[in-house]
Amino acid sequence: MESRFLGIGELAGAPAPSVAVVVDVMRAYTVAAWAFARGAERIVLAGSLDEALALKARHPDWVALKDGPPAPGFDAVNSPGLLRSADLGGRTVVQKTTAGTVGALAVKDASLVLCAGFVVAEATARLLRDRGCEDVTFVVTGEDGRADEDLACAQYIALRAADGGAETGPEEFLRRGGASRAACELTEGVRQGVHPDDVALCLELDRFPFAMVAAREGSLMVLRPCAVPSPAGAAPA
């Protein structure tokens, strides 16, 4: 499998990739995975705060969340620790974040768009293998493509997809995630809308058995969970 690792800015003006994996470990796609685990049916990826609020206004039963502290019009913040106890059964979530949702919208014309973090790493790698993806662009969303937690996760998924996991262990990649600037800022309270467990939850490898696929549905870019069967003979998680 041919893999490239690009920041969001590097996508501008380039042809749409065939397959894109958009990585935001801390915290957009960890939050998205938790939302699905808590019963959400789908996640609409909003392009701006105004768009998120407009969608919420048109659909009052939808759950709108954003980065940072609580704000009028939004129901939740982009924190896995704060979201993990929510009841989202059958709900639509509208998500707007600083980098994760921006990265997905930047590759909306790709034939396959996956959104990922460590919590869905193995399922994402397995889906890439199962679909025979040979040319994959990994979008490293944080810090203009320099966020080491996102790059580490992207590199880990790429290796797992390429070799089936036979030679790739997670320890060094998770260590890099835990030592990243984002992890330090979350731990030290530099960012707002944070739960003390957020970093640990973002580094919980393969917490969920599904991948997350984003695709256009009308005028919206919508993220949904995608079940990925375990390899034959594999022990259940």
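Residues numbered from 1 in each chain as written. Predicted model: local features only at pLDDT ≥ 70, side-chain atom pairs only at ≥ 80, totals over all residues. Heavy atoms only, no water.

Caption draft 1: Representation of the environment of Ser219 in the model. With respect to the helices, strands and loops of the structure, Ser219 is situated in the loop between β9 (210-217) and β10 (220-227). Classification of Ser219 as exposed rests on a relative accessible area of 75%. Measuring from C-alpha to C-alpha, the distance between Ser219 and Asp130 comes to 29 Å, with 89 residues separating the pair along the chain. (Helix = DSSP H or I, 4+ residues; strand = E, 2+ residues; numbered from the N terminus. Buried < 20%, exposed > 50% of the residue type's maximum accessible area, 1.4 Å probe, protein only.)

Caption draft 2: Representation of the packing of helix α5 (residues 121-130) against helix α6 (residues 148-163) in the model. Remark: α5 packs on α6, axes separated minimally by 8 Å, with the N-to-C direction vectors making an angle of 45°. For the element pair α5 / α6, the angle class is oblique. Classified by chirality, the crossing of α6 by α5 is right-handed. Residues Ala121, Glu122, Thr124, Ala125, Leu128 and Arg129 of α5 touch α6, and the partners they reach there are Tyr156, Ile157, Arg160 and Ala161. (Axes fitted to C-alpha atoms, helices over the stretch in contact; angles between N-to-C directions. Parallel < 35°, antiparallel > 145°, perpendicular 65-115°, else oblique. Left-handed = near helix turned anticlockwise from the far one by under 90°. Contact = heavy atoms within 4.5 Å.)

Caption draft 3: A look at the side chain of Lys56. Turning to its location among the elements, Lys56 is positioned in helix α2 (residues 49-58). Lys56 gets classed as buried once you look at its relative accessible area, which sits at 15%. Within the structure, Lys56 has its side chain in polar contact with the backbone oxygen of Trp62 (distance 2.5 Å). Not counting residues within four places of it along the chain, the set of residues in contact with Lys56 comprises Trp62, Ala64, Gly73 and Asp75. (Polar contact = N/O pair within 3.5 Å; in protein donor to acceptor, adjacent residues only side chain to side chain.)

Caption draft 4: Fine view of the packing of α6 against helix α7 (residues 171-178). Contact geometry for α6 and α7: axes closest at 7 Å, N-to-C directions at 165°. One way to sum up the angle between α6 and α7 is to call them roughly antiparallel. Here α6 runs over α7; the crossing is left-handed. Contact residues: α6 offers Asp148, Glu149, Leu151, Ala152, Gln155, Tyr156 and Leu159, while α7 offers Phe173, Arg176 and Gly177. When the residues that make up the contact of α6 with α7 are grouped by side-chain class, the tally is five nonpolar, two polar and three charged. (Nonpolar A, V, L, I, M, F, W, Y, C, P; charged D, E, K, R; others polar.)

Caption draft 5: The arrangement of the layout of surface pockets in detail. As a volume, the largest pocket reaches approximately 350 Å³. Among the elements of the structure, α6 and α8 (181-188) are those that each provide at least two residues to the lining of the largest pocket. Considering each element in turn, the lining of the largest pocket owes the most residues, three residues, to α8. Classifying every residue of the lining of the largest pocket gives four nonpolar, seven polar and nine charged. (1 Å grid on protein atoms, 1.4 Å probe; cavity = no way out; pocket = protein on both sides within 12 Å on 5 of 7 lines; lining within 4 Å. Points joined across faces, edges and corners; volume = space filled by probe spheres on them.)

Caption draft 6: Broad picture of the side chain of Asp150. In this structure, Asp150 sits in helix α6. There is no salt bridge for the buried Asp150, and the closest opposite charge comes from Arg191, which lies 8.2 Å off by N-O distance. Within polar-contact distance, the side chain of Asp150 engages the backbone nitrogen of Val25 at 2.8 Å. At 3.0 Å, the side chain of Asp150 and the backbone nitrogen of Gly142 are in polar contact. The contacts of Asp150, once residues within four sequence positions are left out, are Val23, Asp24, Val25, Met26, Val140, Thr141 and Gly142. (Lys, Arg positive; Asp, Glu negative; His and termini not counted. Salt bridge = Lys/Arg side-chain N within 4 Å of Asp/Glu carboxyl O.)

Caption draft 7: Layout of the pattern of salt bridges. This structure, assessed with the given rule, holds 15 salt bridges. For Arg216, the salt bridge is made with Asp109, and the minimal N-O distance between the two is 2.3 Å. Of this pair, Arg216 sits in strand β9 while Asp109 sits in the loop between α4 (100-106) and β7 (112-116), and the two are 107 residues apart along the sequence. Note on Asp109: relative accessible area 51%, which makes it exposed. For Glu217, the salt bridge goes to Arg224, with nearest N and O atoms at 2.8 Å. Judged by relative accessible area, Glu217 falls into the partly exposed class, the value being 29%.

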